[in-house]
Amino acid sequence: MSATAVIGLQWGDEAKGKIVHILADEHDIVVRYQGGNNAGHTVVCEGQTYKLSLLPVGMLRPGVVSVIATGTVINPQVLLAEIDQLRSRNIPVGENLLISDRAHVILPYHVAEDAVLEDNRGESAIGTTRRGIGTCYRDKAGRAHAIRMGDLYHVESFQSRLREIIAQKNSYLRALCPAYEPLDASKVAEEYLGYARLLKPHVTNTTSFLHKSLAAGKKLLFEGAQGSLLDLDHGTFPYVTSSNSGSGIHTGSGVSERHISRMIGVVKSYTTRVGGGSFPTELNNEIGQHIREVGREFGTVTGRPRRCGWFDAVACGHGALISGVDCIAVTLLDVLSQLDQIQVCTAYEIDGERTTDFPSHVEDLARARAVYKTLPGWKQDISHIRKLADFPREARAYLDTLAELIGQPVQIVSVGPDRVQTIFCDRA
Ligand code: IMP
């Protein structure tokens, strides 16, 4: 078994990118297997900050091959802009990037429809990133309107299917939103065939590549996007993303989890959420504001301020179970350093009943009141600490509490954005 997985256990933005970047050194191939340019990974390396959305973080490590696998949805225009951005910073993009010919393509009508549907939802808007992610996945499930990367290289059938699809999308979107500007199918086809030409050297059967690589003893690292609580099937439906962000490695890459020997669940030392949906430990007060400012909790993709709250062990415990992680990485521990006391949610009370089961219905979650355990803060800067033993007693007690509540050992602790601000507990 020669693969590792890194999966967020909260509502995304757990700083998975940093963990993947470090672990990429010990792996040959980094695989993105779900989501699209709704994800945002920030990596700080040697004083440089890189923000990646669709490209795997493996792109930033020399000698590593990055794979955008079958379960992702690809906006080729965005992908090409991201590639250009890396090249302009002298990061090579060539044989080190492979894109699945089975991945689905985000077209302009997906983006338009995402926005129209969100606007029409009013108060109950999901708060999507408006990147056409959910609408593309819906067309994938519906099949009739789906276009995959491989279709872009079957020019005639692509052009004729796109004509039919765009005619239907135009009338549907016009009915939903009179201000919608109809798309010209031949212009869209021309534009996308241009993208296809540029991406051609990278597009391949990634499933076959991954299996051949495993057989040759290569080490794979699966890079999760979003977090388990945004998983389409197991998250806080309908306030979720449209892919299996907690449970999708096998379907998204074509590689079974039986090849994975280490599943790392990444959690922030507190909780954040972007977009709508219940959040039992949300802090709408000066502590929430403090966490947002110190943790720089603003979306990488949309710039939206993130909602902030205490660590929620009920929600994370659920995320850990559905993702099947066997250890955790706690990130942004330094952000809590100035607090006198820190609270951790250990259970919910719903209609007077105490439970540690994460509710499956959004209305039950909305009625959940967090039951807290209060721990002392450590009130000192920990961002320079490089060994577990050097942490203040209170910080170690906090980590022990998280491990106990989630039921998995803490293997990695991060105390700042830079690579060097990372402690491997079994090496410290
Ligand atoms: P969508 O993925 O754009 O459809 O958005 C659905 C929900 O997932 C919204 O609440 C988004 O804010 C959230 N979401 C999508 N991607 C991310 C991410 O990378 N981090 C955090 N939240 C995300």
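Within each chain, residue numbers correspond to sequence positions counted from 1 in written order. Under the rules for a predicted model, residues below a pLDDT of 70 receive no local features and side-chain atom pairs below 80 are neither given nor counted, while totals for whole chains, interfaces and linings still include all residues. As a convention, hydrogens and water are excluded, and side-chain values are obtained from all of the structure's heavy atoms.

Draft legend 1. Summary view of the side chain of Asp139. Numbering of helices and strands starts at the N terminus; helices are DSSP runs of H or I of at least 4 residues and strands are runs of E of at least 2. Mapped onto the fold, Asp139 is located in helix H4 (residues 133–142). Two N or O atoms count as a polar contact when they lie within 3.5 Å, although within protein this holds only if one can serve as hydrogen donor and the other as acceptor, and sequence-adjacent residues are included solely when both atoms are side-chain atoms. Here His110 takes part through its side chain, which lies 2.8 Å from a polar atom of the side chain of Asp139. Those residues in contact with Asp139 that sit more than four places away from it in its chain are Tyr109, His110, His145, Ala146 and Lys169. In what follows, a contact means two residues having at least one pair of non-hydrogen atoms within 4.5 Å.

Draft legend 2. Up close: the domain arrangement of the chain. Splitting the chain by domain gives domain 1 (3–100 + 202–261), domain 2 (104–198) and domain 3 (265–424). Domain extents, as shown, originate in an automatic or database domain assignment. For domain 1 and domain 2, the distance between their C-alpha centres works out to 24 Å. Buried area counts how much accessible surface, traced with a 1.4 Å probe, disappears from two parts once they are put together, with both parts' losses summed. Taking both partners together, domain 1 and domain 2 bury about 1700 Å²; carbon and sulfur atoms supply 65% of that area. Any Lys or Arg side-chain nitrogen found within 4 Å of a carboxyl oxygen on Asp or Glu counts as a salt bridge. For the pair domain 1 and domain 2, the number of links is zero salt bridges. Counting the contacts that link domain 1 with domain 2 gives five residue pairs in polar contact (both at pLDDT 80 or more).

Draft legend 3. How the structure looks around the site of the ligand. Not every one of the 16 residues close to the ligand is listed here, only the nearest: Asp13, Asn38, Thr129, Thr241 and Arg304. Take Gly127: an N or O atom from its main chain is 3.3 Å from an oxygen atom of the ligand. Computed with the Shrake-Rupley method and a 1.4 Å probe, the accessible areas treat only the protein chains shown as cover for residues. Alone, the ligand offers 470 Å² of accessible surface; in the complex the protein occludes 96% of this. If even one non-hydrogen atom of a residue comes within 4 Å of a molecule or strand, that residue is called near it.

Draft legend 4. Main features of the pattern of salt bridges. One pass over the full model with this rule turns up 21 salt bridges. A salt bridge links Arg138 to Glu113, with the nearest nitrogen and oxygen atoms 2.8 Å apart. Here Glu113 lies in helix H3 (residues 108–121) and Arg138 lies in helix H4, a separation of 25 residues in the sequence. To sort residues, take the accessible area from a 1.4 Å probe on protein chains only and compare it with the maximum for the residue type: under 20% means buried, over 50% means exposed, and anything in between is partly exposed. Residue classification places Glu113 among the buried residues on the basis of a relative accessible area of 0%. One salt bridge in this structure joins Glu394 and Arg393, with 3.9 Å as the shortest N-O distance. Using a relative accessible area of 64% as the deciding quantity, one classes Arg393 as exposed. Each of Asp13, Lys268, Glu297 and Arg306 takes part in a single network of salt bridges with overlapping partners.

Draft legend 5. Looking closely at the packing of H3 against H4. Across the interface, H3 lies against H4 with an axial gap of 7 Å and an inter-helix angle of 115°. Comparing their axes, H4 and H3 come out roughly perpendicular. The way H3 lies across H4 gives a crossing that is right-handed. On H4, the residues that touch Tyr109, His110, Glu113, Asp114 and Leu117 of H3 are Ile133, Thr135, Cys136, Arg138 and Asp139. Note on method: axes are straight lines fitted to C-alpha atoms, helices fitted across the in-contact stretch only, with angles between N-to-C directions ranging 0 to 180 degrees. Any angle that falls under 35 degrees is termed roughly parallel, while one over 145 is termed roughly antiparallel, one within 65 to 115 roughly perpendicular, and all others oblique. When the near helix sits turned anticlockwise from the far one by under a right angle, the crossing is termed left-handed; a clockwise turn instead gives a right-handed crossing.

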